[in-house]
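Residue-level structure breakdown
Listed here are the chains, written in short residue letters.
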Amino acid sequence: MPLSKRPTLTQYLIEQRRRFPQASGELNALLLDVSIACKAIARAVAFGELGQHGVPAAKTGGAVNVQGEVQKALDVVSNHMFVATAEWSGNLAGMASEEMDDPYQIPRDYPRGKYLLVFDPLDGSSNIDVNVSVGSIFSILRAPADVIESGRDVVEADFLQPGATQVAAGYALYGPVTMFVLSVGNGVAGFTLDPNLGEFKLTHPSIQVPADTSEFAINTSNSRFWEPPVKRYVDECLAGRTGPRGKDFNMRWIASMVAEAHRILMRGGVFMYPRDTKDPSKPGRLRLLYEANPIGYIIEQAGGRASTGRQPMLGVKPSSLHQRIGLVFGSRNEVERIERYHHEPATREAPAPLFAERSLFRD
Ligand code: AHG
Ligand code: MN
Ligand code: MN
């Protein structure tokens, strides 16, 4: 396809909207605002240590966010870019972000709209210092009816909707090229930023995650904290051709979940940041509302599967804005296998009979 024939993100969104003649265009306007925030973040990231906005990329902002993590200056700048780009347009009832403890209220100077925007402004920010890909992740929800009708301030409970209710979700990836990957509930489309035009152009019209894979991603330094089904799955992958799986597996760990998701969308694979026993106050590392749900939505829209390991991710009813959760996603057959292992009675790890429930050693 000649370059000039590739639709821009705007053209793609107009075409998608034609499926819903009654649609007002607000969702499209919101998505374009998000894409502009992502372009601005891409530029800020690209300046690296040279800094833009007066801040070198790797410098810490000094502050600690609600997750207890030290914010990088770029975390804060990226958060600001999302807020400043999306707040004025009249499409939003409120926002929530990894970098903001509480829901963000649309200032009274601006009209309020019907959507909620939830985002991780910079995912993988520990990779900024080492010039490895980072990205932004976003989820769009409909605000509850009474919020839309009354225009009242949003509260945490308004955001606690299962991932299946997302209206759209996507991410931008700031790698060797900047990409914008999006689903409005009709498959997944990938756009590449044309640096000459400053426009996202459709380069990956219908992304599909292959159902099978022999590539997995997990932080193995946590293996002593894994639950038995995860240990079993990884052991079987590592056993390779002569093990129960009968084939060799390859492993990757980028430590930018958004980049792992992109690799899996491009060529399949399975990603796990499962629930573990490392810190009982944290049931998993990644956050449900602005990491697991939007990535889960994209992966499922591309024919893959996203799960807590025990149940479909998109069915989980959130309990708090910054809730953490175990996350497994990627090629459908592998994710289903991992879920099966979680549901099977633990045979391999079963306690030795003497120490079992009715053993001699229990009173
Ligand atoms: P964030 O930078 O938004 O806090 O997210 C980082 C996440 C995720 O992107 C990545 O997969 C994971 O943290 C890396 O975890 P490890 O440090 O355990 O490798
Ligand atoms: Mn993140
Ligand atoms: Mn982040």
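Scroll up to find the structure.
Conventions we followed
- Residues numbered from 1 in each chain as written.
- Chains lettered and ligands numbered in written order.
- Predicted model: local features only at pLDDT ≥ 70, side-chain atom pairs only at ≥ 80, totals over all residues.
- Heavy atoms only, no water.
- Helix = DSSP H or I, 4+ residues; strand = E, 2+ residues; numbered from the N terminus.
- Rg over C-alpha atoms; globule rule 2.2 N^0.38 Å.
- Buried < 20%, exposed > 50% of the residue type's maximum accessible area, 1.4 Å probe, protein only.
- Contact = heavy atoms within 4.5 Å.
- Areas by Shrake-Rupley, 256 points an atom, 1.4 Å probe, with all protein chains shown as cover.
- Near = heavy atom within 4 Å.
- Nonpolar A, V, L, I, M, F, W, Y, C, P; charged D, E, K, R; others polar.
- Donors = N, O, S within 2.8 Å, 3.2 Å for Na, K, Ca; no water.
- Pairing = 2+ DSSP bridges.
- Axes fitted to C-alpha atoms, helices over the stretch in contact; angles between N-to-C directions.
- Lys, Arg positive; Asp, Glu negative; His and termini not counted.
- Salt bridge = Lys/Arg side-chain N within 4 Å of Asp/Glu carboxyl O.

Okay, the overall build of the protein chain next. Within the protein chain one finds nine helices and 17 strands. Computed over its C-alpha atoms, the radius of gyration of the protein chain comes to 21 Å, within 12% of the 21 Å expected for a compact globule of 363 residues. For the C-alpha atoms alone, the extent of the protein chain along its principal axes is close to 70 × 50 × 45 Å. The proportion of buried residues among the 363 residues of the protein chain is 53%. Contacts in the protein chain between residues at least 24 apart in sequence constitute 66% of all its contacts with a sequence separation of at least 6. Roughly 16200 Å² of accessible area belongs to the protein chain as shown, and the carbon and sulfur atoms make up 53% of that amount.

Around ligand 1, the structure places 18 residues, and the nearest of them are Asp123, Gly124, Trp253, Met257 and Tyr273. Starting from 480 Å² of accessible surface for ligand 1 in isolation, the protein chains cover 86%. Going through the elements one at a time, strand E5 (115-123), strand E13 (270-273) and strand E14 (286-287) are the ones with two or more residues in the shell around ligand 1. Ranked by residue count, the leading element in the shell around ligand 1 is E5, at three residues. Tallied by class, residues from the shell around ligand 1 come to seven nonpolar, four polar and seven charged.

Listed as protein donors to the manganese ion (ligand 3) are Glu98 (OE), Asp120 (OD) and Leu122 (O); their distances from the metal cover 2.2 to 2.6 Å. Between the two metal centres, the manganese ion (ligand 3) and the manganese ion (ligand 2), the spacing is 3.6 Å, with aspartate 120 acting as a shared donor. Residue glutamate 98 is located in the loop between strand E3 (92-97) and strand E4 (104-105), and its partner aspartate 120 is located in strand E5; the two are separated by 22 residues in the primary sequence. Residue classification places glutamate 98 among the buried positions, given a relative accessible area of 4%.

On to the sheet that holds E5, then. Reading across the sheet, the eight strands line up as E4-E3-E5-E6-E7-E8-E9-E10 and stay open at both edges, with mixed pairing between neighbours. Edge positions in the open sheet fall to E4 and strand E10 (199-204), since each of these has one partner strand only. Sheet topology places strand E7 (residues 168-174) next to strand E8 (residues 178-183); six bridges connect them, and they run antiparallel. Its bridge partner being in E8, alanine 169 is matched across the sheet by serine 183. Sheet strands touched by helix H1 (residues 9-17): E8, strand E9 (189-194) and E10. Its angle to E8, the strand with the most contacts, is close to 5°. Helix H3 (residues 73-86) rests against E3, E4, E5 and strand E6 (134-142) of the sheet, and its axis sits at about 155° to E5.

Read across the open sheet, the five strands follow the order E12-E11-E13-E17-E15; overall the sheet is mixed. Only two strands of the sheet have a single neighbouring strand rather than two, namely strand E12 (250-251) and strand E15 (305-307). Sitting on the sheet, helix H7 (residues 257-267) touches strand E11 (215-217), E13 and strand E17 (327-330), and the angle it makes with E17 is about 30°.

Okay, the coordination of the manganese ion (ligand 2) next. Coordination of the manganese ion (ligand 2) by the protein is provided by Asp120 (OD), Asp123 (OD) and Glu291 (OE), with metal-donor distances spanning 1.8 to 2.1 Å. In primary sequence terms, the donor set of the manganese ion (ligand 2) follows D-x2-D-x167-E.

Along the chain, glutamate 87 falls in the loop between H3 and E3. For glutamate 87, which is buried and forms no salt bridge, the nearest opposite charge comes from arginine 112, at a distance of 9.5 Å. Glutamate 87 has contacts with Met95, Tyr104, Ile106, Pro107 and Tyr110, leaving out every residue within four places of it along the chain.

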